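Working through the structure, step by step
Single-letter residue listing:
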Amino acid sequence: MAQPRARIRLPLTWLGVVPFFVFVGLFLLLPTLYIVVGAFRSPEGGFTFGNILALNTPTILSAYWVSIKIAFWSSLIGCAVGFAMAAAVTVGAGPRWVKNPLLTFSGVASNFAGVPLAFAFIATIGPAGIITLYLRHEFGINLRLMGFNLLSTLGLVITYLFFQIPLMILIITPALEGLKREWKEAASILGATSFQYWRMVAFPILFPSILGTMALLFANAFGAVATAIALTGPSLNIAPILLYAQIRGDVLGSPNLGYALAFGMIVITGLANALYIVLRARSERWLK
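Here goes a summary of the coordinates provided. As the structure is a prediction and not an experimental result, all values here were calculated from the model. (Residues numbered from 1 in each chain as written. Predicted model: local features only at pLDDT ≥ 70, side-chain atom pairs only at ≥ 80, totals over all residues. Heavy atoms only, no water.)

Scanning the model with the defined rule gives 17 aromatic pairs in all. When the ring of Tyr160 is compared with that of Phe163, the centres are 5.3 Å apart and the planes differ by 45 degrees; the resulting orientation is tilted. Within this pair, Tyr160 and its partner Phe163 are both found in helix H7 (residues 153-177), separated by three residues, close to a single helical turn. Here the two residues Tyr160 and Phe163 agree in accessibility, since each one is buried. Through a chain of ring-to-ring contacts, the aromatic side chains of Phe40, Phe47, Phe49 and Phe263 assemble into a single cluster. (Phe/Tyr/Trp six-rings, centres within 6.5 Å; stacked < 30°, edge-to-face > 60°. Helix = DSSP H or I, 4+ residues; strand = E, 2+ residues; numbered from the N terminus. Buried < 20%, exposed > 50% of the residue type's maximum accessible area, 1.4 Å probe, protein only.)

This is the structure in structure tokens:
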């Protein structure tokens, strides 16, 4: 008599993560795969490297370069300021009661972007913003004559810092809390000053976390599009805005060239995220 087949049953706990996998598959994996395939497809449907080679034009290269500069400076400044703020309330002499409100605000501000963020900065330090007019009328300081323009590369970097600094605080705080008290006590017993402890013990341990977070912030700023469009419109030539214009009006003249432009952005952000994952895994060896 044939034995009945044993049924393979998945644990019911898997049902809780099914929406996650469906969401990732439909809105991340499939669109990414579609873009990658389209980047290497000719208008006739055949395989080609022509779309990738066509990225080597002054307009597109300039858009990539400006995007890289904005992402680099916003991530570098965001890391420096965010690290200082997190260290002050975690292991420094800052008041401990500030820590929880700071982390709560950081959780909100790190996700505050797009049109609301652009409007907030335009209304504050834009050409007719509150602070701009106040400085001009009360102190005779004209920010525009001094060379500051919010609707520029510098203005976009300053705007991005609003969510870059809080994101740095959220990510680096657990790493700072992972510094063992015994390390500082041992360094003090051996005669090390506070500066020497940070330079020779704490900072080398935290450096992979800091560098990895900077890579994550770089990817975060490089791919931001809603804030850039709402703040500067099409006047600033950066890769996300160029890609957005391609999707809206095919300004590049070829849909597949638009896929190649998006593919280049995926490669850059993918490398930055991969660097973050590798460095974070390395730093966790010490902080566990």
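What follows continues from the structure just given.
Now for the packing of H7 against helix H9 (residues 194-222). Two elements in contact, H7 and H9, have axes separated by 10 Å at closest approach and are oriented at 140 degrees. Taken together, the axis directions place H7 and H9 in an arrangement best described as oblique. Judged by the twist between their axes, the crossing of H7 over H9 is right-handed. On the side of H7, the interface is formed by Tyr160, Phe163, Gln164, Leu167, Met168, Ile171, Ile172, Ala175 and Leu176, while H9 contributes Trp198, Leu206, Ser209, Ile210, Thr213, Leu216, Leu217, Asn220 and Ala221. Of the residues that constitute the contact of H7 with H9, the class distribution is 14 nonpolar, four polar and no charged. (Axes fitted to C-alpha atoms, helices over the stretch in contact; angles between N-to-C directions. Parallel < 35°, antiparallel > 145°, perpendicular 65-115°, else oblique. Left-handed = near helix turned anticlockwise from the far one by under 90°. Contact = heavy atoms within 4.5 Å. Nonpolar A, V, L, I, M, F, W, Y, C, P; charged D, E, K, R; others polar.)

Relative to the elements of secondary structure, Thr90 occurs in helix H3 (residues 58-90). Exposure remark for Thr90: the relative accessible area of 13% places this residue in the buried category. At 2.7 Å, the side chain of Thr90 and the backbone oxygen of Ala86 are in polar contact. Excluding its chain neighbours within four sequence positions, the residues that come into contact with Thr90 are Arg96, Lys99, Thr173, Leu176 and Glu177. (Polar contact = N/O pair within 3.5 Å; in protein donor to acceptor, adjacent residues only side chain to side chain.)

Moving on, we get to the environment of Met168. The topology assignment puts Met168 in helix H7. What makes Met168 buried here is its relative accessible area of 0%. For Met168 and Ile210, which are 42 residues apart along the polypeptide, the C-alpha to C-alpha distance reads 8.7 Å.

Once that is clear, we can look at the nonpolar core. Among the nonpolar cores identified, the biggest contains 39 residues, and Tyr64, Ile70, Leu156, Tyr160 and Ile238 are the most heavily contacted of them. Those elements giving two or more residues to this core turn out to be H3, helix H5 (115-125), H7, H9, helix H10 (226-232), helix H11 (239-249) and helix H12 (255-287). Ranked by size, the runner-up nonpolar core spans 23 residues in total, among them Leu167, Ile172, Ala187 and Leu206. (Core = buried A, V, L, I, M, F, W, Y, C linked by side-chain atoms within 4.5 Å.)

Relative to the helices and strands, Thr159 resides in helix H7. What makes Thr159 buried here is its relative accessible area of 0%. In terms of polar contacts, Thr159 uses its side chain to reach the backbone carbonyl oxygen of Gly155, at 2.8 Å. If we ignore the near neighbours within four places in the chain, the residues touching Thr159 are Leu117, Phe121, Leu150, Thr227 and Leu231.

Together, Leu15, Val18, Val22, Phe23, Leu26, Phe27, Leu30, Leu33 and Val37 line one region of the surface with nonpolar side chains, adding up to about 890 Å² of accessible area. Locating Phe27 in the fold gives a position in helix H1 (residues 18-39). Residue class for Phe27 comes out exposed when judged on its relative accessible area of 60%. (Patch = residues over 30% accessible without salt bridge, like charges linked within 9 Å, V, L, I, M, F, W, Y side chains within 5 Å. Areas by Shrake-Rupley, 256 points an atom, 1.4 Å probe, with all protein chains shown as cover. Salt bridge = Lys/Arg side-chain N within 4 Å of Asp/Glu carboxyl O.)

Charged atoms that come close allow side chains of opposite charge to pair. Under the criterion given, the structure shown has two salt bridges. Across the salt bridge formed by Glu177 and Lys99, the nearest N and O atoms sit 2.2 Å from each other. Of the two residues, Glu177 is situated in helix H7 and Lys99 in helix H4 (residues 99-109); the sequence distance between them amounts to 78 residues. Looking at Lys99, the relative accessible area reads 18%, which means it is buried.

On to H7, then. In an α-helix, one full turn covers 3.6 residues, which means residues spaced three or four apart are oriented alike. Relative to the 36 Å expected for 25 residues at 1.5 Å per residue, H7 spans 35 Å between its end C-alpha atoms, a close match to the ideal helical length. The sharpest bend along H7 comes to roughly 40 degrees, located at Leu161. (Expected span 1.5 Å × (residues − 1). Bend = angle between axes of the 7 residues up to and from the residue.)

This paragraph deals with the packing of H3 against H9. One way to put it is that H3 packs onto H9 with a least axis distance of 9 Å and a crossing angle of 140 degrees. Here H3 lies oblique to H9, going by the angle between them. H3 and H9 meet at a crossing whose hand is right-handed. Contacts from Tyr64, Ser67, Ile68, Ala71, Phe72, Ser74, Ser75, Leu76, Gly78, Cys79 and Phe83 in H3 reach Trp198, Leu206, Ile210, Thr213, Met214, Leu217, Phe218, Ala221 and Phe222 in H9.

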